[in-house]
Amino acid sequence: SVEERVRLVDELHAARRSLDVFAAETSDASVDADVDESKTYSDPSQNRLESLEHDRERRAFANVLNAGPIATRDATVLFTLARRVLENKPYSNTDDAVRAAATSFRETKNSGNKKNEEPSVKAVINAVRESCGISMTTRETERVLRALGEAMDE
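Attention in this report is confined to the structure presented alongside it. None of the values given here were measured: they were computed from a predicted structure. Residue indices begin from 1 for each chain and proceed along its sequence in written order. Given that the model is predicted, a residue must reach a pLDDT of at least 70 before its local features are reported, and side-chain atom pairs must reach 80 or more before they are shown or counted; all residues, however, enter totals for whole chains, interfaces and linings. Neither water nor hydrogens contribute to the side-chain values; these are computed over all heavy atoms in the structure.

1. Remarks on the overall build of the chain
In step 1: Going along the chain from the N terminus, every DSSP run of H or I of four or more residues is numbered as a helix, and every run of E of two or more is numbered as a strand. Scanning the chain from terminus to terminus reveals six helices and zero strands.
In step 2: The helix and strand sequence of the chain, counted from the amino end, reads α-α-α-α-α-α.
In step 3: Looking at the chain residue by residue over its 154 residues, the buried ones come to 32%.
In step 4: Working rule for contacts: check all heavy atoms of both residues, and any pair within 4.5 Å makes them a contact. Taking contacts inside the chain between residues at least 6 apart in sequence as the whole, the part at least 24 apart equals 70%. Burial classes follow relative accessibility: with a 1.4 Å probe on protein chains only, a residue under 20% of its type's maximum area counts as buried, one over 50% as exposed, and anything between as partly exposed.

The structure is reproduced here in structure tokens:
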């Protein structure tokens, strides 16, 4: 039914958002689309970009699910997958692993450098992928770098 498809889109989107690296930095734990985006970034344009990305992903799920009829048994598998991803998120140490890999990369990069420059987003993406096997988006990497910068300021 239409209601089930909408619910499935919502659950798949929530599961996808729960896998974001440093997602807690930009949204609440429920991964709700109605989160107050003004609390996300100091730069309103970043809030808008994040919101557009969420909308685009939600539409992508809807487009795939609306492409044709879905058998109940097939939809059940997708519901189960989405729920298990959400249930297992609290037991994932992805953020800690990414933080450690990015910190190690930054320290290695700056070990002989007196300027202590921030590494590029692309360099951090590659370093984390090599170290942890986690592929991050540019926006996720920017959140990681922002968190590392805040940790250095403390």
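2. Let's talk about the packing of helix α1 (residues 2-18) against helix α3 (residues 72-88)
For any two helices packed against each other, the geometry comes down to the angle between their axes and how far apart the axes lie.
In step 1: For helices, the fitted line uses only the C-alpha atoms of the stretch in contact; every axis is such a line through C-alpha atoms, and the angle between N-to-C directions lies from 0 to 180 degrees. Two elements in contact, α1 and α3, have axes whose closest approach is 8 Å; the angle formed by their N-to-C orientations is 35°. Crossing of α1 against α3: the hand is left-handed. In this structure, α1 contributes Glu-4, Arg-7, Leu-8, Glu-11, Leu-12, Ala-14, Ala-15 and Ser-18 to the contact, and α3 contributes Ala-75, Leu-78, Phe-79, Ala-82, Arg-83, Val-85 and Leu-86. Rotating anticlockwise by less than a right angle from the far helix to the near helix defines a left-handed crossing, while the corresponding clockwise rotation defines a right-handed one.

3. A word on the pattern of salt bridges
In step 1: Here a salt bridge means any side-chain nitrogen of Lys or Arg lying within 4 Å of a carboxyl oxygen belonging to Asp or Glu. Taken as a whole and assessed by the stated rule, the structure comprises eleven salt bridges.
In step 2: Residues Arg-17 and Asp-20 are paired through a salt bridge, measuring 2.4 Å at the closest nitrogen-oxygen approach.
In step 3: With relative accessibility at 3%, the residue Arg-17 sits in the buried group.
In step 4: Close ionic contact of Glu-57 with Arg-17 constitutes a salt bridge, the shortest N to O distance being 2.2 Å. Placement of the pair is Glu-57 in helix α2 (residues 44-65) and Arg-17 in helix α1, with a sequence separation of 40 residues. Here Glu-57 matches Arg-17 in class, with each residue buried.
In step 5: If you follow the salt bridges from partner to partner, you end up with Arg-16, Arg-17, Asp-20, Glu-53, Glu-57, Arg-139 and Arg-143 in one network.

4. Considerations on helix α4 (residues 94-110)
Counting along an α-helix, one turn takes 3.6 residues, and residues three or four places apart therefore face a common direction.
In step 1: A helix's residues, less one, multiplied by 1.5 Å, set its expected span. End to end, α4 covers 24 Å across 17 residues, agreeing with the expected 24 Å (1.5 Å per residue, within 8%).
In step 2: By the burial criterion, the buried members of α4 are Thr-94, Val-98, Ala-101, Ala-102, Arg-106 and Asn-110. Buried residues of α4, seen end-on, are gathered within an arc of 150° and therefore sit on one face of the element. Projecting away from the buried face of α4 at angles above 90 degrees are the exposed residues Glu-107 and Thr-108. Directions are taken from the helix axis to each C-beta atom, and the arc is the one they span.

5. Some details on the nonpolar core
In step 1: We define a nonpolar core as any set of buried Ala, Val, Leu, Ile, Met, Phe, Trp, Tyr and Cys residues linked to one another through side-chain atoms lying within 4.5 Å. Membership of the largest hydrophobic core comes to 13 residues, with the highest contact counts inside it found for Val-21, Val-98, Val-128, Met-136 and Val-144.
In step 2: Looking at this core, the elements with two or more residues in it are α4, α5 (121-132) and α6 (138-153).
In step 3: Per element, the largest residue contribution to this core is four residues, and it comes from α6.
In step 4: In contact with Val-144, other than residues within four places in its own chain, are Val-21, Phe-22, Val-98, Ala-102 and Met-136.
In step 5: Among the nonpolar cores identified, the runner-up in size contains nine residues, and Leu-12, Ala-62, Leu-65 and Ala-82 belong to it.

Keep in mind these values describe shape, not function.
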